[in-house]
Amino acid sequence: MARKYKEDDVKVGKKILLGFIALAVILVIGRFSDVDFTQETDSDALEDTNNTVATVNSSQTTNGNLVIDFIDVGQGDSILIRQGDATMLIDGGTSECKDSLLSFLQSENIDKFDYIIGTHAHEDHIGSLDDVVNTYDFDTILFPKSSTTTKTFENLVLAVKAKNKQFTAPEVGKVYELGDAVFQILAPNADSYASLNNYSIVIKLAYGDNTFLFTGDAESISESEMMDKGMDLSADVLKIGHHGSTTSTSKKFLEQVNPKYTVISCGRNNTYNHPTKTTMDKLKEANIPVYRTDEEGTIECVSDGTTITFNVEPGTYSYLGG
Ligand SMILES: [Zn+2]
(Lines give C-alpha, C1' and ligand atoms only; values in the text may rest on other atoms or scores of the structure.)
Protein backbone atom coordinates (compact mmCIF):
# COMPACT_ATOMS: atom_id res chain seq x y z
CA MET A 1 0.00 0.00 0.00
CA ALA A 2 2.81 2.30 0.94
CA ARG A 3 4.22 1.87 -2.52
CA LYS A 4 0.86 2.61 -4.10
CA TYR A 5 0.66 5.84 -2.17
CA LYS A 6 4.08 6.82 -3.45
CA GLU A 7 3.06 6.16 -7.04
CA ASP A 8 -0.08 8.20 -6.53
CA ASP A 9 1.98 10.95 -4.94
CA VAL A 10 4.26 10.97 -7.96
CA LYS A 11 1.22 11.09 -10.26
CA VAL A 12 -0.30 13.93 -8.26
CA GLY A 13 3.06 15.69 -8.25
CA LYS A 14 3.29 15.31 -12.03
CA LYS A 15 -0.24 16.63 -12.46
CA ILE A 16 0.56 19.66 -10.30
CA LEU A 17 3.74 20.25 -12.30
CA LEU A 18 1.87 19.95 -15.60
CA GLY A 19 -0.75 22.30 -14.21
CA PHE A 20 1.91 24.87 -13.40
CA ILE A 21 3.47 24.52 -16.86
CA ALA A 22 0.05 24.92 -18.50
CA LEU A 23 -0.64 27.98 -16.37
CA ALA A 24 2.75 29.47 -17.27
CA VAL A 25 2.07 28.87 -20.97
CA ILE A 26 -1.38 30.44 -20.67
CA LEU A 27 0.11 33.45 -18.87
CA VAL A 28 2.80 33.94 -21.53
CA ILE A 29 0.35 33.49 -24.40
CA GLY A 30 -2.16 35.73 -22.63
CA ARG A 31 0.45 38.37 -22.21
CA PHE A 32 1.42 38.42 -25.85
CA SER A 33 -1.99 37.79 -27.33
CA ASP A 34 -2.64 41.43 -26.56
CA VAL A 35 -0.01 42.39 -29.13
CA ASP A 36 -2.47 44.29 -31.23
CA PHE A 37 -2.33 44.64 -34.96
CA THR A 38 -4.46 47.12 -36.83
CA GLN A 39 -7.30 45.62 -38.80
CA GLU A 40 -8.16 48.57 -40.96
CA THR A 41 -6.71 49.29 -44.35
CA ASP A 42 -4.16 52.02 -44.07
CA SER A 43 -5.18 55.39 -45.39
CA ASP A 44 -1.70 55.80 -46.84
CA ALA A 45 -1.97 52.61 -48.84
CA LEU A 46 -2.49 53.27 -52.52
CA GLU A 47 -3.84 49.87 -53.35
CA ASP A 48 -4.37 46.52 -51.76
CA THR A 49 -3.30 43.99 -54.30
CA ASN A 50 -2.68 40.93 -52.20
CA ASN A 51 -0.55 38.27 -53.88
CA THR A 52 0.16 40.60 -56.76
CA VAL A 53 3.21 39.99 -58.88
CA ALA A 54 3.38 43.60 -60.09
CA THR A 55 6.07 45.53 -58.29
CA VAL A 56 6.80 49.21 -58.14
CA ASN A 57 9.47 50.27 -60.58
CA SER A 58 9.08 54.02 -60.62
CA SER A 59 7.31 56.90 -58.95
CA GLN A 60 5.48 59.39 -61.11
CA THR A 61 6.85 62.63 -59.73
CA THR A 62 10.13 63.62 -58.14
CA ASN A 63 10.79 66.70 -56.10
CA GLY A 64 14.23 67.05 -54.55
CA ASN A 65 16.22 64.05 -53.43
CA LEU A 66 15.60 60.70 -51.82
CA VAL A 67 18.20 60.35 -49.05
CA ILE A 68 19.04 56.97 -47.51
CA ASP A 69 21.36 56.64 -44.53
CA PHE A 70 22.63 53.18 -43.69
CA ILE A 71 23.41 54.05 -40.10
CA ASP A 72 26.48 52.52 -38.48
CA VAL A 73 24.91 50.70 -35.53
CA GLY A 74 27.64 48.07 -35.20
CA GLN A 75 26.36 44.52 -35.77
CA GLY A 76 22.78 45.20 -36.82
CA ASP A 77 20.59 47.20 -39.19
CA SER A 78 19.14 50.70 -39.03
CA ILE A 79 18.26 52.63 -42.16
CA LEU A 80 16.88 56.17 -42.31
CA ILE A 81 15.03 57.12 -45.50
CA ARG A 82 13.82 60.64 -46.29
CA GLN A 83 12.00 62.21 -49.23
CA GLY A 84 10.69 65.74 -48.94
CA ASP A 85 9.11 65.97 -45.49
CA ALA A 86 8.44 62.23 -45.31
CA THR A 87 10.62 60.06 -43.09
CA MET A 88 10.96 56.33 -42.53
CA LEU A 89 13.18 54.22 -40.30
CA ILE A 90 13.83 50.56 -41.10
CA ASP A 91 15.05 48.79 -37.94
CA GLY A 92 16.73 50.21 -34.86
CA GLY A 93 19.96 48.27 -34.27
CA THR A 94 20.92 46.59 -31.00
CA SER A 95 20.15 47.91 -27.53
CA GLU A 96 23.82 48.94 -27.19
CA CYS A 97 23.59 51.39 -30.10
CA LYS A 98 20.81 53.40 -28.40
CA ASP A 99 22.85 56.53 -27.66
CA SER A 100 24.59 56.69 -31.02
CA LEU A 101 21.37 55.98 -32.94
CA LEU A 102 19.33 58.59 -31.08
CA SER A 103 22.08 61.20 -31.39
CA PHE A 104 22.33 60.50 -35.13
CA LEU A 105 18.57 60.97 -35.57
CA GLN A 106 18.78 64.16 -33.51
CA SER A 107 21.69 65.47 -35.58
CA GLU A 108 19.60 64.88 -38.71
CA ASN A 109 16.78 66.95 -37.18
CA ILE A 110 14.22 64.17 -37.30
CA ASP A 111 11.04 65.21 -35.50
CA LYS A 112 8.67 62.37 -36.44
CA PHE A 113 8.40 59.30 -38.62
CA ASP A 114 5.75 58.58 -41.20
CA TYR A 115 6.77 54.93 -41.04
CA ILE A 116 8.80 52.75 -38.75
CA ILE A 117 9.50 49.22 -39.95
CA GLY A 118 10.74 46.53 -37.59
CA THR A 119 11.79 43.93 -40.17
CA HIS A 120 11.73 41.09 -37.63
CA ALA A 121 12.05 40.43 -33.92
CA HIS A 122 15.80 39.87 -33.58
CA GLU A 123 17.67 42.11 -31.16
CA ASP A 124 20.09 43.47 -33.75
CA HIS A 125 17.07 44.99 -35.57
CA ILE A 126 14.72 46.07 -32.78
CA GLY A 127 17.11 46.44 -29.83
CA SER A 128 16.79 50.24 -29.72
CA LEU A 129 13.53 50.52 -31.63
CA ASP A 130 11.62 50.89 -28.33
CA ASP A 131 13.79 53.93 -27.56
CA VAL A 132 13.01 55.38 -30.99
CA VAL A 133 9.29 54.78 -30.39
CA ASN A 134 9.54 56.40 -26.93
CA THR A 135 11.36 59.41 -28.36
CA TYR A 136 9.51 60.12 -31.61
CA ASP A 137 5.93 60.33 -32.78
CA PHE A 138 5.08 58.17 -35.76
CA ASP A 139 2.11 57.37 -37.98
CA THR A 140 2.58 53.71 -38.87
CA ILE A 141 4.73 50.94 -37.46
CA LEU A 142 4.97 47.86 -39.63
CA PHE A 143 5.94 44.62 -37.91
CA PRO A 144 5.54 40.96 -38.95
CA LYS A 145 3.19 38.60 -37.12
CA SER A 146 5.61 36.18 -35.54
CA SER A 147 5.49 34.65 -32.09
CA THR A 148 8.38 35.61 -29.88
CA THR A 149 8.54 36.37 -26.20
CA THR A 150 11.92 38.00 -25.77
CA LYS A 151 12.41 40.94 -23.41
CA THR A 152 13.49 43.05 -26.40
CA PHE A 153 10.24 42.37 -28.22
CA GLU A 154 8.22 42.94 -25.06
CA ASN A 155 9.89 46.34 -24.62
CA LEU A 156 8.90 47.29 -28.16
CA VAL A 157 5.31 46.13 -27.63
CA LEU A 158 5.05 48.18 -24.43
CA ALA A 159 6.56 51.25 -26.09
CA VAL A 160 4.10 51.04 -29.00
CA LYS A 161 1.19 50.58 -26.58
CA ALA A 162 2.32 53.55 -24.50
CA LYS A 163 1.97 55.65 -27.68
CA ASN A 164 -1.57 54.29 -28.16
CA LYS A 165 -0.49 52.72 -31.43
CA GLN A 166 -0.80 49.27 -32.92
CA PHE A 167 1.43 47.27 -35.21
CA THR A 168 0.41 47.11 -38.85
CA ALA A 169 1.03 43.64 -40.25
CA PRO A 170 2.78 43.60 -43.64
CA GLU A 171 0.51 42.71 -46.55
CA VAL A 172 2.36 41.56 -49.61
CA GLY A 173 1.52 43.77 -52.57
CA LYS A 174 0.49 46.78 -50.54
CA VAL A 175 1.94 50.09 -51.72
CA TYR A 176 2.69 53.09 -49.50
CA GLU A 177 3.67 56.64 -50.32
CA LEU A 178 6.78 58.20 -48.82
CA GLY A 179 6.76 61.77 -50.12
CA ASP A 180 7.17 61.39 -53.87
CA ALA A 181 8.67 57.94 -53.39
CA VAL A 182 6.59 54.77 -53.16
CA PHE A 183 7.36 51.46 -51.53
CA GLN A 184 5.74 48.07 -51.74
CA ILE A 185 5.73 45.10 -49.39
CA LEU A 186 7.24 42.00 -51.07
CA ALA A 187 7.65 39.64 -48.08
CA PRO A 188 7.04 37.68 -45.89
CA ASN A 189 4.94 35.39 -48.09
CA ALA A 190 4.11 32.62 -45.58
CA ASP A 191 2.46 32.55 -42.17
CA SER A 192 5.14 30.63 -40.32
CA TYR A 193 8.83 29.90 -40.66
CA ALA A 194 11.38 27.92 -38.67
CA SER A 195 13.75 30.90 -38.65
CA LEU A 196 12.67 34.33 -37.39
CA ASN A 197 14.83 35.83 -40.15
CA ASN A 198 12.36 34.70 -42.80
CA TYR A 199 9.59 36.79 -41.25
CA SER A 200 11.64 39.80 -42.36
CA ILE A 201 9.58 42.49 -44.03
CA VAL A 202 11.08 43.05 -47.48
CA ILE A 203 10.24 46.25 -49.32
CA LYS A 204 10.98 47.65 -52.75
CA LEU A 205 11.26 51.42 -52.82
CA ALA A 206 11.02 53.48 -56.00
CA TYR A 207 11.89 57.13 -56.51
CA GLY A 208 11.64 58.39 -60.08
CA ASP A 209 13.46 55.72 -62.08
CA ASN A 210 15.59 54.49 -59.18
CA THR A 211 14.74 51.40 -57.15
CA PHE A 212 15.96 49.99 -53.86
CA LEU A 213 15.42 46.60 -52.23
CA PHE A 214 15.59 46.30 -48.44
CA THR A 215 15.60 42.70 -47.31
CA GLY A 216 16.15 42.70 -43.54
CA ASP A 217 17.56 39.27 -42.68
CA ALA A 218 15.39 37.37 -45.20
CA GLU A 219 17.02 34.06 -46.06
CA SER A 220 17.02 32.03 -49.27
CA ILE A 221 13.61 30.51 -48.37
CA SER A 222 12.00 33.95 -48.49
CA GLU A 223 14.06 34.88 -51.57
CA SER A 224 12.71 31.78 -53.34
CA GLU A 225 9.13 32.61 -52.38
CA MET A 226 9.47 36.08 -53.92
CA MET A 227 10.97 34.59 -57.08
CA ASP A 228 8.31 31.87 -57.23
CA LYS A 229 5.62 34.55 -57.18
CA GLY A 230 7.21 36.10 -60.24
CA MET A 231 7.89 39.43 -58.55
CA ASP A 232 10.04 41.93 -60.40
CA LEU A 233 12.91 42.07 -57.93
CA SER A 234 15.21 44.22 -60.07
CA ALA A 235 16.71 47.10 -58.12
CA ASP A 236 19.53 49.60 -58.48
CA VAL A 237 20.53 49.17 -54.83
CA LEU A 238 20.25 45.96 -52.81
CA LYS A 239 20.62 45.99 -49.03
CA ILE A 240 22.22 42.57 -48.73
CA GLY A 241 20.20 40.20 -46.54
CA HIS A 242 21.34 39.05 -43.10
CA HIS A 243 24.58 41.07 -42.96
CA GLY A 244 26.18 39.07 -45.78
CA SER A 245 25.57 35.66 -44.18
CA THR A 246 25.56 32.47 -46.29
CA THR A 247 21.85 32.07 -45.45
CA SER A 248 20.92 34.84 -47.87
CA THR A 249 21.76 36.30 -51.30
CA SER A 250 21.31 33.10 -53.28
CA LYS A 251 22.90 33.27 -56.73
CA LYS A 252 19.55 33.24 -58.53
CA PHE A 253 18.15 35.96 -56.28
CA LEU A 254 21.20 38.16 -56.88
CA GLU A 255 20.83 37.62 -60.63
CA GLN A 256 17.16 38.62 -60.53
CA VAL A 257 17.79 41.73 -58.44
CA ASN A 258 20.77 42.51 -60.66
CA PRO A 259 21.82 45.49 -58.50
CA LYS A 260 24.21 48.24 -59.59
CA TYR A 261 25.23 48.73 -55.96
CA THR A 262 24.95 46.71 -52.75
CA VAL A 263 25.15 47.67 -49.09
CA ILE A 264 26.07 45.46 -46.13
CA SER A 265 25.31 46.57 -42.58
CA CYS A 266 27.52 44.75 -40.08
CA GLY A 267 29.86 45.38 -37.17
CA ARG A 268 33.61 45.70 -37.47
CA ASN A 269 35.21 42.33 -36.54
CA ASN A 270 31.82 41.03 -35.42
CA THR A 271 31.61 37.65 -33.70
CA TYR A 272 29.01 36.38 -36.19
CA ASN A 273 31.71 36.35 -38.89
CA HIS A 274 29.64 38.52 -41.24
CA PRO A 275 30.02 39.00 -44.11
CA THR A 276 30.97 35.59 -45.48
CA LYS A 277 33.28 34.54 -48.29
CA THR A 278 30.32 32.90 -50.06
CA THR A 279 28.45 36.18 -50.34
CA MET A 280 31.46 38.39 -51.02
CA ASP A 281 32.68 36.08 -53.80
CA LYS A 282 29.29 36.33 -55.52
CA LEU A 283 29.48 40.13 -55.45
CA LYS A 284 33.11 40.13 -56.57
CA GLU A 285 32.47 37.72 -59.45
CA ALA A 286 29.53 39.83 -60.64
CA ASN A 287 31.69 42.95 -60.23
CA ILE A 288 29.06 44.68 -58.08
CA PRO A 289 30.32 47.45 -55.76
CA VAL A 290 29.61 46.84 -52.07
CA TYR A 291 29.34 49.57 -49.46
CA ARG A 292 29.92 48.37 -45.89
CA THR A 293 29.13 50.03 -42.58
CA ASP A 294 31.90 48.01 -40.87
CA GLU A 295 34.49 49.63 -43.13
CA GLU A 296 32.99 53.05 -43.74
CA GLY A 297 30.65 53.85 -40.87
CA THR A 298 27.33 55.45 -41.78
CA ILE A 299 26.79 55.40 -45.55
CA GLU A 300 24.63 57.99 -47.28
CA CYS A 301 23.03 57.18 -50.60
CA VAL A 302 21.23 59.92 -52.54
CA SER A 303 18.91 59.66 -55.54
CA ASP A 304 17.53 62.53 -57.57
CA GLY A 305 15.18 60.10 -59.30
CA THR A 306 17.63 59.40 -62.08
CA THR A 307 21.13 59.19 -60.63
CA ILE A 308 22.35 57.48 -57.47
CA THR A 309 25.40 58.72 -55.58
CA PHE A 310 27.17 57.53 -52.43
CA ASN A 311 29.12 59.70 -50.01
CA VAL A 312 31.98 57.19 -49.84
CA GLU A 313 33.91 54.95 -52.20
CA PRO A 314 32.92 51.27 -52.38
CA GLY A 315 34.35 48.99 -49.70
CA THR A 316 36.41 45.82 -50.10
CA TYR A 317 35.34 42.25 -50.80
CA SER A 318 37.09 41.03 -47.63
CA TYR A 319 35.16 38.66 -45.38
CA LEU A 320 35.20 37.27 -41.85
CA GLY A 321 33.39 33.95 -42.24
CA GLY A 322 33.08 31.14 -44.78
ZN1 LIG B 1 20.26 40.76 -38.25
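Our subject is the structure that appears above.
Please read all numbers here as calculations on a predicted model, not as lab measurements. (Residues numbered from 1 in each chain as written. Predicted model: local features only at pLDDT ≥ 70, side-chain atom pairs only at ≥ 80, totals over all residues. Heavy atoms only, no water.)

1. Quick look at the coordination of the zinc ion
Tetrahedral coordination by four donors puts the ideal angle at the metal at 109.5 degrees, and octahedral coordination by six puts it at 90 or 180 degrees. In plain terms, the rule: For Na, K and Ca the donor cut-off is 3.2 Å, and for all other metals it is 2.8 Å, counting N, O and S atoms only; because water is absent from this set, sites may look incomplete. Four donors are marked tetrahedral only if all angles between them lie between 85 and 135 degrees, whereas four are marked square planar and six octahedral if opposite donors are more than 155 degrees apart and the other angles lie between 65 and 115; the remainder are marked irregular. In this description a helix means any DSSP run of H or I spanning at least four residues, a strand means any run of E spanning at least two, and both kinds are numbered starting from the N terminus. Exposed residues in this analysis have more than 50% of their type's maximum accessible area, buried residues have under 20%, and partly exposed residues fall in between, with area computed by a 1.4 Å probe over protein chains only.
Surrounding the zinc ion are the protein donor atoms Asp124 (OD), His125 (NE2), Asp217 (OD) and His243 (NE2), which sit 2.1 Å from the metal. In this structure, the zinc ion is surrounded by four donor atoms whose angles at the metal cover 87 to 152°, and the resulting shape is irregular. When the donors of the zinc ion are listed by position in the chain, the intervening gaps give D-H-x91-D-x25-H. You can see His125 sitting in helix H3 (residues 123-126) and its partner His243 sitting in the loop between strand S12 (237-239) and helix H7 (251-257), a full 118 residues away along the chain. Across this residue pair, the class does not change: His125 and His243 are buried.

2. Focus: the nonpolar core
The cut-off we apply is this: As used here, the term nonpolar core means buried Ala, Val, Leu, Ile, Met, Phe, Trp, Tyr and Cys residues forming a set that is joined through side-chain atoms within 4.5 Å. Any two residues whose heavy atoms approach within 4.5 Å are treated as being in contact.
Counting 33 residues, the largest nonpolar core has Leu105, Phe113, Val132, Leu156 and Phe167 as its most contacted members. Those elements that place two or more of their residues in this core are helix H2 (98-107), strand S5 (112-117), helix H4 (129-135), strand S6 (137-142) and helix H5 (151-162). Examining the composition of this core, we find that five residues originate from one element, H5, more than from any other. Other than its neighbours up to four places away in sequence, Phe113 contacts Leu80, Thr87, Met88, Leu89, Leu105, Val132, Tyr136, Asp137, Phe138 and Asp139. Core analysis: the second largest hydrophobic core is formed by 29 residues, Ala181, Ile201, Leu205 and Ile299 among them.

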